[in-house]
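Okay, here's what each chain looks like letter by letter:
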Amino acid sequence: MGNNNSVTEEIVTRELDIEKAKEVLEFDRGKINLAGVKDAAGHDIALCRLDGKLYPPYGHDYLRNVRRTKLLANDVILCGYPNTGTDWLVQIITSIVYGHGAYGSWTDQLGFLESVPASAPELLPSPRLLYTHMPFRFLPTQIRGLKTKLIVSRRNPKDTLVNCFHNTVQRKDLYNYDGDFTNYFQMFLRGQVAYGSYFDYYRDWEKVGKDNQGIGIYFLDFENMKEDLPRTIRSLAKFLDVDITDSQIDQVVYDAQVDDASKDKQVGVWKQHMTVAQNELMDSQIDSFLKGMDYKPRYAL
């Protein structure tokens with residue numbers, strides 16, 4: 001990926017054919033077989049099961065379609081467990097690659113790969129930023145051959161849990177969940193939530209990074225972004241082979257921090273939600289499941 005002004009101007013001003021996009025994105029949720037997951041109080045949470053793991057109720061066809069996505073040579077794929085900063089990173093990466101004003105024009109109209117048909121990314125102009133929460137084994141097979149650049153977002157499990165709870169409750173249209181934090185907390189620790197166990201997810205990704213040295217994988221921690229966003233932007237630009245000036249970095253920072261005060265972009269929100277007992281239980285899970293991993297979560301700045 002390079003930063004070509006003429007290409008940037010063309011991409012920024014180009015809009016998706018919205019009617020075509022809507023037609024492509026339609027699917028019948030009524031035909032999706034749900035996994036029958038309930039919390040301890042009996043509240044249903046709409047999830048589907050694929051290969052032993054739980055996912056949002058997009059249906060098996062859509063989940064498997066991620067692997068069938070036809071990649072282009074200059075695609076970048078953003079991955080990460082839900083609520084680890086992926087939405088924020090879409091905005092930041094888009095601004096790095098395409099410049100000020102690109103985000104919100106067409107980049108966020110299609111959504112995550114698993115929520116759209118395999119042909120949907122063809123609506124995007126190239127170079128494309130694709131994003132997904134799916135594990136590596138579900139990603140397109142051409143990644144190794146094309147040496148596609150992958151960016152993996154990470155966030156400490158405590159803040160991730162809190163934000164996943166809020167997102168699940170707010171997305172009644174998707175999950176139809178009416179439970180409380182206490183019951184969701186237990187489901188999160190058991191991996192009975194969308195995309196399964198947080199701990200398995202990042203253990204698998206760390207193994208992918210070690211086993212596939214030929215693939216460019218950039219692990220990006222949410223807390224590091226919050227601590228020094230300009231440094232993160234400069235590092236991301238280098239990984240993406242984008243030349244970026246100090247003034248352009250300042251603009252990306254400004255655009256990214258417009259709504260930075262929202263709770264889902266804060267570090268340490270878990271302290272406002274977890275009891276002492278819950279925190280101790282979470283710590284024991286973290287010590288057990290992340291033992292031996294290079295990833296060391298940060299819980300405060």
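Presented here is a report on the structure given in the accompanying data block. Residue numbers here run from 1 along each chain, matching the order of that chain's written sequence. The predicted nature of this model means local features are confined to residues of pLDDT at least 70 and side-chain atom pairs, given and counted, to a pLDDT of 80 or more, with totals for whole chains, interfaces and linings taken over all residues. Neither water nor hydrogens contribute to the side-chain values; these are computed over all heavy atoms in the structure.

### Notes on the side chain of Asn163
Move 1: Relative to the elements of secondary structure, Asn163 occurs in helix 6 (residues 157-170).
Move 2: Between N or O atoms, a polar contact is any pair within 3.5 Å; within protein, one atom must be a potential hydrogen donor and the other a potential acceptor, and residues adjacent in sequence are included only when both atoms are from side chains. Within the local environment of Asn163, its side chain forms a polar contact with the backbone oxygen of Asp159, the two atoms lying 2.9 Å apart. Secondary structure elements follow DSSP: runs of H or I of four or more residues count as helices, runs of E of two or more count as strands, with numbering from the N terminus.

### A look at helix 12 (residues 276-289)
Move 1: Over its 14 residues, helix 12 extends 20 Å from the first C-alpha to the last, a length consistent with the 20 Å expected when each residue adds 1.5 Å.
Move 2: Within the span of helix 12, buried status applies to Gln278, Asn279, Met282, Gln285 and Ile286. What you see down the axis of helix 12 is that its buried residues fit within an arc of 120°, all on one side. Counted as exposed and oriented over 90 degrees from the buried face of helix 12: Val276, Ala277, Glu280 and Asp287.
Move 3: Its buried side turned inward, helix 12 meets helix 6, helix 7 (181-190) and helix 8 (198-211). Under the convention used throughout, the expected extent of a helix is 1.5 Å for every residue step, that is, one less than its residue count. Buried, partly exposed and exposed residues are distinguished by accessible area as a fraction of the type maximum, computed with a 1.4 Å probe on protein chains only: under 20%, between the cut-offs, and over 50%, respectively. The directions considered for the arc run from the helix axis to the C-beta atoms. We call two residues in contact whenever any of their non-hydrogen atoms come within 4.5 Å of each other.

### Re the nonpolar core
Move 1: Among buried residues, the Ala, Val, Leu, Ile, Met, Phe, Trp, Tyr and Cys ones that are joined through side-chain atoms within 4.5 Å form a nonpolar core. Core analysis: the largest hydrophobic core is formed by 58 residues, its most contacted members being Tyr81, Leu150, Tyr184, Phe188, Trp205 and Met282.
Move 2: Beyond its immediate stretch of four places on either side in the chain, Tyr184 contacts Leu161, Cys164, Phe165, Thr168, Tyr177 and Val193.
Move 3: Counting residues in each nonpolar core, the second largest holds 30 residues, with Ile96, Tyr98, Met225 and Ile249 among its members.

### Considering the pattern of salt bridges
Move 1: One speaks of a salt bridge when a side-chain nitrogen belonging to Lys or Arg is within 4 Å of a carboxyl oxygen belonging to Asp or Glu. Applying the stated rule across the entire model yields 17 salt bridges.
Move 2: Asp200 is the salt-bridge partner of Lys53, the closest N and O atoms lying 3.4 Å from each other. A residue pair is termed long-range when its members are at least 10 positions apart, and Lys53 in strand 4 (residues 53-55) and Asp200 in helix 8 qualify at 147 residues.
Move 3: Residue Lys53 is classed as partly exposed on the basis of its relative accessible area of 25%.
Move 4: A relative accessible area of 28% places Asp200 in the partly exposed class.
Move 5: In this structure, Asp173 and Arg171 form a salt bridge, with 2.9 Å as the shortest nitrogen-oxygen distance.
Move 6: You can call Asp173 exposed: its relative accessible area is 55%.

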